[in-house]
There are 2 protein chains.
Amino acid sequence: MADLKFKTEAITSRSEDFAQWYTDVCKKAGLMDYSDVKGFIIYKPYGYAIWEQIQKYLDKEFKETGHQAVYMPLVIPESLFNKEKEHVEGFAPETLIATVGGNKNLDDKLIIRPTSEVLFTSFYSRLVNSYRDLPVLYYQWCNVVRWEKTTRPFLRGSEFLWQEGHTIHASEQEARKEALKMLEVYDNLGRDVLAIPFLKGKKTEKEKFAGAEETYSIEALMHDKKALQSGTTHYFGQGFTKAFNVKYLDSDGQIKNPYQTSWGVSTRLIGSIIMVHGDDNGLVLPPYVAPIQVIIVPIKYQDENVRNACNYLIKELKKFNIRVDIDTSDHTPGWKFNEYEMKGVPLRIEVGPRDLKDGKITFVKRLNNEKNTAELEDFALNVPTLLKEIHQEMYDKAKEFLLNSITEVKTYDELKKVVASEGYAKVCWCGDEKCENKIKLDTNATSRCMPFEQELFSDTCPVCGKKAKYVVYFAKAY
Amino acid sequence: MADLKFKTEAITSRSEDFAQWYTDVCKKAGLMDYSDVKGFIIYKPYGYAIWEQIQKYLDKEFKETGHQAVYMPLVIPESLFNKEKEHVEGFAPETLIATVGGNKNLDDKLIIRPTSEVLFTSFYSRLVNSYRDLPVLYYQWCNVVRWEKTTRPFLRGSEFLWQEGHTIHASEQEARKEALKMLEVYDNLGRDVLAIPFLKGKKTEKEKFAGAEETYSIEALMHDKKALQSGTTHYFGQGFTKAFNVKYLDSDGQIKNPYQTSWGVSTRLIGSIIMVHGDDNGLVLPPYVAPIQVIIVPIKYQDENVRNACNYLIKELKKFNIRVDIDTSDHTPGWKFNEYEMKGVPLRIEVGPRDLKDGKITFVKRLNNEKNTAELEDFALNVPTLLKEIHQEMYDKAKEFLLNSITEVKTYDELKKVVASEGYAKVCWCGDEKCENKIKLDTNATSRCMPFEQELFSDTCPVCGKKAKYVVYFAKAY
């Protein structure tokens with residue numbers, strides 16, 4: 001009962017107030033704290049460690065797909081920023097601008113990068129001369145700033161951390177392929193690391209990135225049935241390379257502009273993880289992203305057998321590269337159970353004198369609180385498989401939730417009902433932005449993406465009644 | 001002769017113009033490029049990869065010494081920045097200030113962090129309540145901005161990349177120990193990774209960090225006999241924790257302010273590597289920091305035996321985790337030799353049909369151009385040892401150069417002569433800042449650090465003739 005009390009004091013339930021639940025988890029699991037400036041958060045060790053795991057996986061993937069890491073400046077001269085018209089219109093309203101440097105007013109004001117298309121393309125205009133220089137496949141890990149009115153930890157911040165890839169190619173086909181390939185890399189991150197199934201597809205004209213010809217996205221579905229755009233890749237055509245005069249001499253003797261892409265995921269993914277997997281006891285972390293995969297809670301650490309068993313377990317688990325930690329503080333076991341539930345540690349091992357008499361330990365899966373005993377001696381050997389199973393169960397659970405939250409709608413009433421509280425409305429849409437706008441106005445839902453499998457299941461657009469052309473997912477979104 | 005021509009065209013010699021040589025190497029080895037804003041450089045893949053190697057080593061060391069990675073905001077409200085007086089005086093003149101966000105003038109201007117003592121200490125005031133919360137051992141990898149008048153790639157930039165550690169402790173002794181421990185971590189980085197011997201010691205009052213009680217530094221000696229401060233650690237006492245009201249309840253029931261440290265190294269280390277090891281053919285990279293440790297240059301790649309031998313070598317070298325690359329472009333072997341000399345790749349393997357007839361390959365050490373042949377079959381097995389030897393030779397060479405560039409001086413004339421062109425003048429100094437100022441004025445040399453071994457070899461200060469109290473190194477510095 002003491003434990004229960006601790007829990008109910010600690011955290012709002014999801015059904016009571018999902019937004020408050022989210023904030024509670026962010027704070028109480030020790031992921032972040034607020035700073036002195038609105039929208040600029042502090043990534044605490046536990047939150048940052050999740051980001052480090054994501055970085056480690058993606059950085060390897062980027063390099064293995066032939067990309068190279070670089071670092072571009074934090075600032076963009078205003079004059080340079082203004083070169084690509086659509087891009088400026090998209091980003092100018094939310095820029096942070098430096099106007100004073102070394103106690104002097106700057107002639108050319110400096111925009112703190114909201115994204116770095118401008119910087120990369122300007123650099124490429126000096127870097128590239130011949131078709132032999134192509135493709136250029138660069139990416140960077142960095143911070144970016146977008147002056148947001150409404151901010152929420154990880155989901156929407158004035159500053160966030162991300163990677164941004166920027167590539168240029170000799171052929172349109174190759175660039176288009178790159179944008180789709182990187183979407184696949186992000187999708188694999190979801191499947192293999194985050195245990196999040198994404199809806200993938202192309203953005204509508206209205207929702208695409210400022211300056212892009214095409215934008216693709218991965219969309220995750222949160223527990224409250226709202227979508228969260230979790231990553232995007234863009235095909236730019238020659239818009240930026242023409243605006244910034246990136247030219248090369250092709251093998252046929254002609255001067256040409258290359259074709260361009262960019263792609264990014266950010267610390268927003270941490271928000272996805274929280275809201276896809278979390279429950280009323282706090283965070284539930286997928287094993288491959290969890291900073292601590294296994295927490296050992298000793299019952300009576302003063303007992304020598306318990307201490308020895310813990311040390312043995314730690315040593316054995318480390319042999320399998322398991323991220324294991326032990327809590328030997330003087331808090332009660334009950335307090336510790338709650339603490340590591342809150343922190344979402346996938347697997348808890350309880351080591352106590354009673355079990356040890358039979359050479360056993362108890363283990364508990366965070367995902368479903370399933371409790372089992374096992375032999376101490378060879379338990380470590382089974383942990384990699386256990387974590388893999390937990391990962392798969394989490395993915396399957398999220399996938400089932402996603403699939404149960406997609407409804408094909410044929411009428412506008414159905415559409416309104418679905419996006420109100422049931423998740424995605426799969427719609428056969430006429431393609432007219434007016435209908436998108438009307439849906440937004442009436443329901444606050446937006447088009448999330450158009451799946452690659454375009455099988456029309458209805459002849460007419462539910463909004464205007466005209467001929468349906470595209471299958472689109474609509475949902476309320478963060 | 002063609003090769004020789006290529007070389008002399010490519011790069012200024014060190015003796016002719018050291019500053020131009022440095023810039024040539026930075027650009028021609030593909031380390032960096034200039035951006036559209038003065039002092040903000042672009043880290044190209046080859047330059048950034050060196051930084052990645054440094055990060056990898058240090059991040060592991062930081063974690064193994066109990067530190068945790070976090071991320072703090074990019075911006076500091078001006079009102080907060082002004083809280084610690086000495087710190088403000090030191091940094092205010094070189095800040096970049098954002099005054100406009102989302103098209104509106106900001107009430108509290110935002111300083112782009114030049115360093116993050118203010119942010120960490122402000123955070124700690126909310127984080128820490130009890131002696132049980134101490135120590136807090138946090139660090140972050142990030143970009144910082146200092147609005148510099150004179151900028152040079154890697155050495156002094158308006159933006160640079162670094163890590164900054166910020167710790168608070170219950171006891172003065174523990175904090176002092178931390179500052180010295182992290183200096184040791186940096187010194188080990190030099191010895192084990194960069195092949196750079198540092199002079200270590202304490203800064204004088206005049207040269208210490210703005211707001212610190214004590215500053216320690218590692219100083220490297222460049223080929224032109226100028227010093228380069230390559231990393232610092234600071235002991236702050238309670239200056240910041242008092243100014244920012246960081247308080248905790250100690251076990252004795254008293255409310256106390258913790259003791260603080262900070263420590264950092266930056267991309268300036270890349271400048272150190274270039275100027276310590278480089279020669280007239282370009283960069284010379286220490287093996288453990290080299291993005292490419294072994295470059296394979298095939299002679300006649302169209303020959304099937306050559307291709308097979310190259311593939312075999314790559315496969316074998318990768319077994320030993322060697323970072324190996326092969327250049328199969330249609331440039332001549334001579335061009336490739338020069339190219340990878342310029343890029344400072346520690347070991348080159350030439351694979352040609354003539355050697356292969358006898359089952360052999362040729363290998364060349366970048367450090368001294370030493371050429372040898374070896375059996376193809378088991379060569380890979382020996383490469384880890386070879387790289388270790390190269391590392392040691394580079395370290396020993398740099399150490400000899402350093403030791404030969406330190407002169408104990410007893411008179412002011414000797415001091416002036418030594419700092420003019422011979423490196424470090426080791427001086428028995430009275431401790432008066434006036435003498436430091438006079439030396440600076442007369443010779444442009446500054447005190448670099450006071451070694452931990454304080455053995456006075458002279459009774460009087462060479463500047464004022466008063467009683468000598470401290471052994472100090474003076475040198476011109478970057």
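That block above? That's the structure.
These notes cover the structure that comes with them. (Residues numbered from 1 in each chain as written. Chains lettered and ligands numbered in written order. Predicted model: local features only at pLDDT ≥ 70, side-chain atom pairs only at ≥ 80, totals over all residues. Heavy atoms only, no water.)

Before going further, it helps to spend a moment on the relation of the copies chain B and chain A. Mapping chain B onto chain A is achieved by rotating through 180 degrees and translating by 0.0 Å along the same axis, at an RMSD of 0.0 Å. As the rotation angle and translation indicate, the two copies are arranged about a two-fold axis. The rotation axis passes nearest to the C-alpha of Ala98 of chain B in chain B, at a distance of 1.9 Å. Take the interface residues of chain B: 100% of them recur as interface residues in chain A, which is what a same-surface contact looks like. (Least-squares fit on C-alpha atoms with pLDDT ≥ 70 in both. Contact = heavy atoms within 4.5 Å.)

The next subject is the sheet that holds strand β6 (residues 104-112) of chain B. With antiparallel pairing, six strands are arranged side by side in an open sheet as β4(A)-β6(A)-β5(A)-β5(B)-β6(B)-β4(B). Two strands bound the open sheet, and with one partner strand each, they are β4 (75-77) of chain A together with β4 (75-77) of chain B. In this sheet, adjacent strand axes meet at a mean angle of 45 degrees when their direction is disregarded. Across three bridges, the pairing between β4 of chain A and strand β6 (residues 104-112) of chain A is antiparallel. Its bridge partner lying in β6 of chain A, Val75 of chain A is registered against Ile112 of chain A. (Pairing = 2+ DSSP bridges. Helix = DSSP H or I, 4+ residues; strand = E, 2+ residues; numbered from the N terminus. Axes fitted to C-alpha atoms, helices over the stretch in contact; angles between N-to-C directions.)

Looking now at helix α11 (residues 333-342) of chain A. Residues and elements named next belong to chain A. Burial of α11 is extensive: eight of the 10 residues sit out of reach of the surface. The set of residues buried in α11 consists of Gly334, Lys336, Phe337, Asn338, Glu339, Tyr340, Glu341 and Met342. Just past α11, the residue Gly344 takes up positive phi, approximately 75 degrees. (Buried < 20%, exposed > 50% of the residue type's maximum accessible area, 1.4 Å probe, protein only.)

Residue and element names in this part refer to chain A. Within the fold, His87 resides in helix α5 (residues 85-91). His87 sits 263 residues away from Glu350 along the chain, and the two C-alpha atoms are 55 Å apart. At 3.2 Å, the side chain of His87 forms a polar contact with the backbone oxygen of Ala210. (Polar contact = N/O pair within 3.5 Å; in protein donor to acceptor, adjacent residues only side chain to side chain.)

Contacts between the two partners involve 53 residues from chain B and, on the opposite side, 53 residues from chain A. Taken over both partners, the interface formed by chain B and chain A buries close to 4200 Å², and the fraction arising from carbon and sulfur atoms is 62%. In terms of surface lost to chain A, no three residues of chain B exceed Asp36, Pro45 and Tyr71 of chain B, which account for 15% of the buried area on that side. The tally of links from chain B across to chain A stands at six salt bridges. (Buried area = accessible area lost by both parts, 1.4 Å probe. Salt bridge = Lys/Arg side-chain N within 4 Å of Asp/Glu carboxyl O.)

Let's shift gears to unusual backbone geometry. Residues and elements named next belong to chain A. Between Leu134 and the following residue, Pro135, the backbone shows a cis peptide bond with an omega angle of -5 degrees. Looking at the element boundaries, Pro135 is found in the loop between α6 (117-127) and β7 (136-145). Phi is positive for Asn103, close to 70 degrees, though the residue is something other than glycine. Tracing the sequence through the fold places Asn103 in the loop between β5 (96-101) and β6. Since its relative accessible area comes to 60%, Asn103 is described here as exposed. With phi around 70 degrees, Lys225 is a residue other than glycine that occupies positive phi space. Mapped onto the fold, Lys225 is located in the loop between β10 (214-221) and β11 (227-237). Residue classification places Lys225 among the partly exposed residues on the basis of a relative accessible area of 23%.

This paragraph deals with the packing of helix α10 (residues 304-319) of chain B against helix α13 (residues 376-403) of chain B. Residues and elements named next belong to chain B. For the pair α10 and α13, interaxial distance at closest approach is 9 Å and the crossing angle is 30 degrees. Regarding the angle of α10 to α13, the classification is roughly parallel. Here α10 and α13 pass one another in a crossing that is right-handed. In this structure, α10 contributes Ala309, Tyr312, Leu313, Glu316 and Leu317 to the contact, and α13 contributes Leu376, Glu377, Phe379, Ala380 and Val383. Considered class by class, the residues forming the contact of α10 with α13 number eight nonpolar, no polar and two charged. (Parallel < 35°, antiparallel > 145°, perpendicular 65-115°, else oblique. Left-handed = near helix turned anticlockwise from the far one by under 90°. Nonpolar A, V, L, I, M, F, W, Y, C, P; charged D, E, K, R; others polar.)

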